[in-house]
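Report on the structure
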Amino acid sequence: TRHAWRRRSRASVSSSSLQNLHYEAAAMIIHDGRRKAKWTHEEIEWAQLDKMKMLSTQTAMAVGLRGCLYPNLVIKTHIQTNAATGSTMSVARQAIQRGGYRALWRGFLTNQTGVIPAHSVYVTGLEWSKQHITRAANNWGCKPGTSSHIGSFIGGATAASCAQLVRTPTDVIAQRLMIQGSKGSQTTYRNGFHALQTIVRTEGFRGLYAGLGAAVLVSVPFSAMFWSSYTTLKSHIGHSMTHAAAYSAQVFGGGEDEIEIEVTQMAYFRPPFGVWEAMVFSSAAFISSCVALAVTNPIDLVKTRIQTKAKTGRTAEGGRLAQSGAGILQHLFSIVKYEGWGSLSKGFSSRVMTSGPFAVLGILVYEGTKHYAQKDKPTRC
């Protein structure tokens with residue numbers, strides 16, 4: 001892939017010249033003389049997608065990325081349950097000392113068993129909801145940009161709600177396997193199936209949905225904030241980068257009236273977008289992910305402790321709360337009282353190390369997959 005810079009006079013630009021950009025994920029038209037820049041992005045709706053291609057590619061991406069980043073999830077769980085103390089690297093070393101390198105992969109297969117169906121549900125709920133909510137908002141008289149933001153916010157919340165119902169049981173089992181052998185662990189399990197049998201026998205089927213309320217309070221706001229922020233930032237960052245390119249064109253471009261920047265494809269490989277667009281998508285995704293992680297981290301801390309039944313403090317009060325089925329607010333008050341306000345940020349760096357790369361790589365695959373899975377695509381020129 002290469003970037004082509006084509007200079008021409010403003011009078012020569014016609015609708016036919018812009019027609020060639022229709023099939024790109026994004027295009028930037030910079031009017032250098034007037035110091036105006038335009039960023040456009042082609043949104044592909046759920047109805048335009050081949051569902052099998054979309055879901056299979058997205059699910060494979062989720063399994064692969066979560067597999068690579070799984071040790072960070074284990075470390076986060078150890079930090080949040082007080083199974084180990086210290087920095088992220090220190091906690092990783094402690095886990096390895098107790099159980100070898102396998103300790104960083106405990107519960108992996110169980111976790112992936114829930115990821116596969118949950119991610120398919122998530123993508124379906126997200127795309128279907130975004131399409132219908134955006135159309136409804138347009139019918140209510142909202143501006144196109146506002147409609148898109150509303151659709152992304154509600155679509156993200158709907159997708160997370162549905163997916164959480166599917167993956168909570170495997171999350172509960174996987175997290176209890178993660179902290180086995182640590183001071184926060186309450187029971188020893190031989191494997192995921194034994195953990196399932198033990199939880200059902202001792203706690204009933206409700207035990208598989210321990211912390212569901214807290215999980216929903218984490219995933220729903222996170223997903224809603226991420227997708228609405230991503231939609232907004234994608235537009236703002238795209239415009240900002242295009243203005244920067246316009247300024248560079250004015251300084252180095254030799255004074256031409258108009259510069260058109262596009263991404264051209266080689267005949268043997270045609271990616272859905274170029275490096276410029278990838279920078280916009282990945283920047284918007286990483287910033288949106290970090291903001292959503294910061295807001296939801298305290299509830300994620302409580303969710304982890306409820307689901308693992310680990311101690312919520314370094315005192316007898318913490319152990320009592322863990323075993324008595326205390327609610328979200330009780331856990332929050334206990335954590336602040338016995339561990340301080342700073343403890344509410346426990347696991348944040350590990351979450352960023354997991355969710356940050358997942359958001360960046362995931363969004364690039366997501367945007368690319370939508371073009372790959374688009375039905376009835378016209379032949380490119």
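Rules used throughout
- Residues numbered from 1 in each chain as written.
- Predicted model: local features only at pLDDT ≥ 70, side-chain atom pairs only at ≥ 80, totals over all residues.
- Heavy atoms only, no water.
- Helix = DSSP H or I, 4+ residues; strand = E, 2+ residues; numbered from the N terminus.
- Buried < 20%, exposed > 50% of the residue type's maximum accessible area, 1.4 Å probe, protein only.
- Contact = heavy atoms within 4.5 Å.
- Areas by Shrake-Rupley, 256 points an atom, 1.4 Å probe, with all protein chains shown as cover.
- Core = buried A, V, L, I, M, F, W, Y, C linked by side-chain atoms within 4.5 Å.
- pLDDT = per-residue confidence, 0-100.
- Axes fitted to C-alpha atoms, helices over the stretch in contact; angles between N-to-C directions.
- Parallel < 35°, antiparallel > 145°, perpendicular 65-115°, else oblique.
- Nonpolar A, V, L, I, M, F, W, Y, C, P; charged D, E, K, R; others polar.
- Polar contact = N/O pair within 3.5 Å; in protein donor to acceptor, adjacent residues only side chain to side chain.
- Salt bridge = Lys/Arg side-chain N within 4 Å of Asp/Glu carboxyl O.
- Phe/Tyr/Trp six-rings, centres within 6.5 Å; stacked < 30°, edge-to-face > 60°.
- Lys NZ or Arg CZ within 6 Å of the ring centre and 35° of its normal.
- Left-handed = near helix turned anticlockwise from the far one by under 90°.
- Patch = residues over 30% accessible without salt bridge, like charges linked within 9 Å, V, L, I, M, F, W, Y side chains within 5 Å.

1. Some points on the overall build of the protein
- The secondary structure content of the protein amounts to eleven helices and four strands.
- Taken across its 381 residues, the protein has 50% of its residues classed as buried.
- Of the contacts made within the protein by residues no fewer than 6 positions apart, 80% connect residues no fewer than 24 positions apart.
- Put simply, the protein shows about 17900 Å² of open surface, and 62% of that area lies on carbon and sulfur atoms.

2. What about the nonpolar core?
- In terms of nonpolar packing, the biggest core is built from 28 residues, with Met54, Tyr122, Trp227, Tyr230 and Ile363 touching the most fellow members.
- Secondary-structure elements contributing two or more residues to this core are α4 (108–139), α5 (144–178), α7 (212–252), α8 (275–308) and α11 (348–372).
- Of the residues forming this core, the biggest block, seven residues, is contributed by α7.
- Excluding anything up to four places from it in sequence, tyrosine 122 contacts Ala159, Ala160, Ala163, Ser223 and Trp227.
- Listed in part, the ten residues of the second largest apolar core include Val302, Ile306, Leu332 and Leu344.

3. Section: the side chain of glutamine 112
- Along the polypeptide, glutamine 112 turns up in helix α4.
- When its relative accessible area of 7% is taken as the criterion, glutamine 112 is described as buried.
- Not counting residues within four places of it along the chain, the set of residues in contact with glutamine 112 comprises Val63, Arg66 and Gly67.

4. A word on the confidence of the model for the protein
- Summarising the model, the protein shows a mean pLDDT of 76, and 73% of its residues fall at 70 or more.
- When pLDDT is averaged over each element of the protein, α4 comes out on top at 92 and strand β1 (residues 2–8) at the bottom at 34.
- Confidence over residues 1–37 falls short of pLDDT 50; this stretch has 99 contacts with residues more than four positions distant or in other chains.
- Low pLDDT, under 50, characterises residues 254–271; the stretch is placed with 55 contacts to residues that sit more than four places away or in other chains.

5. Description of the packing of helix α2 (residues 51–80) against α8
- In the contact formed by α2 and α8, the axes pass within 9 Å of each other and the chain directions differ by 85 degrees. One finds that α2 runs roughly perpendicular with respect to α8. Between α2 and α8, the residues in contact are Lys76, Thr77 and Gln80 and Asn297, Asp300, Leu301, Thr304, Arg305 and Thr308, respectively.
- Of the residues contributing to the contact of α2 with α8, the split by class is one nonpolar, five polar and three charged.

6. Notes on the side chain of threonine 369
- In this fold, threonine 369 is placed in helix α11.
- There is a polar contact of 3.5 Å between the side chain of threonine 369 and the side chain of glutamine 58.
- Ignoring sequence-local partners within four residues, the contact set of threonine 369 consists of Lys53, Met54, Thr57 and Gln58.

7. So, the pattern of salt bridges
- On inspection of all chains with the given rule, the structure shows nine salt bridges.
- Here lysine 234 and glutamate 367 are joined by a salt bridge, their closest N and O atoms 3.4 Å apart. With lysine 234 in helix α7 and glutamate 367 in helix α11, this pair connects stretches of sequence that are 133 residues apart.
- A relative accessible area of 6% places lysine 234 in the buried class.
- Between glutamate 339 and lysine 346 there is a salt bridge, with the nearest N and O atoms lying 2.7 Å from each other. Here the two residues glutamate 339 and lysine 346 agree in accessibility, since each one is buried.
- If you follow the salt bridges from partner to partner, you end up with Lys76, Asp300 and Arg351 in one network.

8. What about the packing of aromatic side chains?
- What the rule picks out here adds up to eight aromatic pairs.
- Between tyrosine 70 and tryptophan 105, the ring centres sit 6.1 Å apart and the planes meet at 20 degrees, which makes this aromatic pair stacked. With a gap of 35 residues between them, tyrosine 70 in helix α2 and tryptophan 105 in the loop between α3 (88–99) and α4 connect regions that are remote in the sequence.
- One aromatic cluster is present, built from ring pairs that chain together Phe222, Phe226, Trp227, Tyr230 and Tyr366.
- A cation over an aromatic ring shows up here: lysine 53 above the ring of tyrosine 372, its NZ or CZ 5.0 Å from the ring centre.
- Above the ring of phenylalanine 358, the side-chain terminus of arginine 66 is found at 4.5 Å from the ring centroid.

9. Comments concerning the packing of α8 against α11
- Close contact between α8 and α11 brings their axes to 8 Å; oriented N to C, the two are set at 145 degrees. In terms of crossing hand, the pair formed by α8 and α11 is right-handed. Here α8 contributes Ala278, Phe281, Ser282, Ala285, Phe286, Ser289, Cys290, Leu293, Ala294, Thr296, Asn297 and Asp300 to the contact with α11, which in turn contributes Phe348, Arg351, Val352, Ser355, Gly356, Ala359, Val360, Ile363, Leu364 and Glu367.
- Here the contact of α8 with α11 is composed, by residue class, of 13 nonpolar, six polar and three charged.

10. Here's the deal with a nonpolar patch on the surface
- Together, Phe286, Ile287, Val291 and Val295 make up a nonpolar patch on the protein surface, roughly 330 Å² of accessible area in all.
- When you line up the elements, phenylalanine 286 lands in helix α8.
- With relative accessibility at 37%, the residue phenylalanine 286 sits in the partly exposed group.

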